[in-house]
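Residue strings, one per chain:
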Amino acid sequence: MITRLQHIKHRIKKTAEACGRDPEAIRLVVVSKTISADRVKEAIEAGVTDLGENYVQEARNKFNALAAYPASWHFIGHLQSNKAKYAVRLFDLIHSVDTMKLARELHKYSEKINKIQDILIQVNISEENSKSGVYVEDTRDLVKQISLLKHVSIKGLMTMPPFFDAPEKARSYFSALRNLRDRIVDENIPNVCLDELSMGMTGDYEVAIEEGATLVRIGTAIFGKRS
Ligand SMILES: *Cc1c(COP(=O)(O)O)cnc(C)c1O
């Protein structure tokens, strides 16, 4: 695992340099869903600082087991509004906010614990019916509405392109997310910062970096295939 981790970090650095980006501007979120707390601990000891989880209950167990270890926890899965209460206690950044209803719940519970919850807006960039995320044409309005909630803070956008066998095929979706971000930034909405672009996984993170990713979410390439 440590060799694979070093390899991925190296690839991220090389890819950034090759396209003229600062490697420091790209954060590796190591996706630890289904991976045991022991293996996650090993990853933290090997220098991993950011972990991504998809399920609140699973994350809560690991978080408790690893409370003594320094790490930032990211929520990257689909979040049900009725789990918002737990999510605000666990996660530093929630990547998958795509409705006003969910944002309101996050606002409500983060206010209760005196927190400002950092979030990303998940965009359904391929507009497939089956996918989570807000549609491109509705993104700006959602960002505007959420920006009025004082206890959530929008930091950027996230997307998952359709699954492809060839990473190059994902490129247009990544650039579409970046373009959408740039268009919304031009509107200067108060309390909104869209510096972060969470895009790219094991199969396509290099292309995502070339298209501006600041957060890449990688599991399989580090822990191996999930059982
Ligand atoms: C599981 C998952 C990942 C990691 O995928 P790998 O292909 O294992 O790197 C990234 N993002 C999301 C939203 C996921 O659910």
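Residues numbered from 1 in each chain as written. Predicted model: local features only at pLDDT ≥ 70, side-chain atom pairs only at ≥ 80, totals over all residues. Heavy atoms only, no water.

1. Describing the side chain of K33
On the secondary structure map, K33 appears in the loop between β1 (27–31) and α2 (37–45). At 8.7 Å, E53 is the nearest oppositely charged side chain to K33, a buried residue that forms no salt bridge. (Helix = DSSP H or I, 4+ residues; strand = E, 2+ residues; numbered from the N terminus. Buried < 20%, exposed > 50% of the residue type's maximum accessible area, 1.4 Å probe, protein only. Lys, Arg positive; Asp, Glu negative; His and termini not counted. Salt bridge = Lys/Arg side-chain N within 4 Å of Asp/Glu carboxyl O.)

2. Some points on the pairing of strand β3 (residues 72–75)
In terms of strand pairing, strand β2 (residues 50–53) meets β3 through four bridges, oriented parallel. In the strand pairing of β3, L51 is matched with W73. A crossover links β2 with its parallel partner β3, the connecting element being helix α3 (residues 56–65), and its sense is right-handed. As paired strands, β3 and strand β4 (residues 93–97) are joined by two bridges and run parallel to one another. Paired with H74 across the two strands is L93, which belongs to β4. (Pairing = 2+ DSSP bridges. Right-handed = clockwise from strand over helix to strand, strands pointing away.)

3. Looking at unusual backbone geometry
Although it is not a glycine, N114 adopts a positive phi angle of roughly 60°. Within the secondary structure, N114 sits in the loop between α5 (100–112) and β5 (117–124). Backbone geometry places E127, a non-glycine residue, at a positive phi of 55°.

4. Quick word on α2
Quick reminder: α-helices carry 3.6 residues per turn. Residues three or four places apart thus point the same way. Every buried residue of α2 is listed here: V40, A43 and I44. The arc enclosing the buried residues of α2, seen along the axis, measures out at 100°, which places them on a common side. Facing away from the buried surface of α2 by more than 90 degrees, the exposed residues are D38 and E45. Those residues of α2 that are buried lie in contact with β2, α3 and α9 (220–223). G47, located one to two residues past α2, shows a positive phi value of around 110°. (Arc of directions from axis to C-beta. Contact = heavy atoms within 4.5 Å.)

5. Considerations on the site of the ligand
The immediate surroundings of the ligand are formed by V31, K33, N54, I76, M160, M201, T202, R217, I218, G219, T220 and R226. At a separation of 2.7 Å, an oxygen atom of the ligand approaches a polar side-chain atom of K33. In this structure, T220 approaches the ligand through a side-chain N or O atom, which is 2.5 Å from an oxygen atom. Bound to the protein, the ligand loses 91% of the 390 Å² it would expose on its own. The site holding the ligand turns out to be the largest pocket. Grouping the constituent residues of the shell around the ligand by class yields five nonpolar, four polar and three charged. (Near = heavy atom within 4 Å. Polar contact = N/O pair within 3.5 Å; in protein donor to acceptor, adjacent residues only side chain to side chain. Areas by Shrake-Rupley, 256 points an atom, 1.4 Å probe, with all protein chains shown as cover. 1 Å grid on protein atoms, 1.4 Å probe; cavity = no way out; pocket = protein on both sides within 12 Å on 5 of 7 lines; lining within 4 Å. Sits in = over half its atoms within 2 Å of the grid points. Nonpolar A, V, L, I, M, F, W, Y, C, P; charged D, E, K, R; others polar.)

6. Focus: the layout of surface pockets
Where empty space is left in the structure can be found by rolling a water-sized probe over the atoms. Its volume calculated, the largest pocket comes out at about 440 Å³. Looking at the largest pocket, it is lined by 22 residues, and the ones nearest its centre are M160, F163, M201, T202 and G203. Per-class residue counts for the lining of the largest pocket are 13 nonpolar, five polar and four charged. Along its surface, the second largest pocket is lined by 14 residues, and K9, I12, I26, R27 and L28 are the ones closest to its centre. Those elements that place two or more of their residues in the lining of the second largest pocket are α1 (2–18) and β1. At four residues, the largest contribution of residues to the lining of the second largest pocket is made by α1. The residue inventory of the lining of the second largest pocket, partitioned by class, reads seven nonpolar, two polar and five charged. (Points joined across faces, edges and corners; volume = space filled by probe spheres on them.)

7. Description of the packing of aromatic side chains
Counted by the stated rule, this structure contains three aromatic pairs. Measuring from centroid to centroid gives 5.8 Å for F63 and W73, while their planes differ by 65°, and the two rings are edge-to-face. Note that F63 is positioned in helix α3 and W73 in strand β3, a separation of ten residues in sequence. When the ring of F75 is compared with that of F91, the centres are 5.1 Å apart and the planes differ by 65°; the resulting orientation is edge-to-face. Taken together, the positions of F75 in strand β3 and F91 in the loop between α4 (84–90) and β4 put the pair 16 residues apart, joining distant regions of the chain. Both residues of the pair, F75 and F91, belong to the buried class. It is R60 that lies over the ring of Y86; its NZ or CZ is 4.5 Å from the centre. (Phe/Tyr/Trp six-rings, centres within 6.5 Å; stacked < 30°, edge-to-face > 60°. Lys NZ or Arg CZ within 6 Å of the ring centre and 35° of its normal.)

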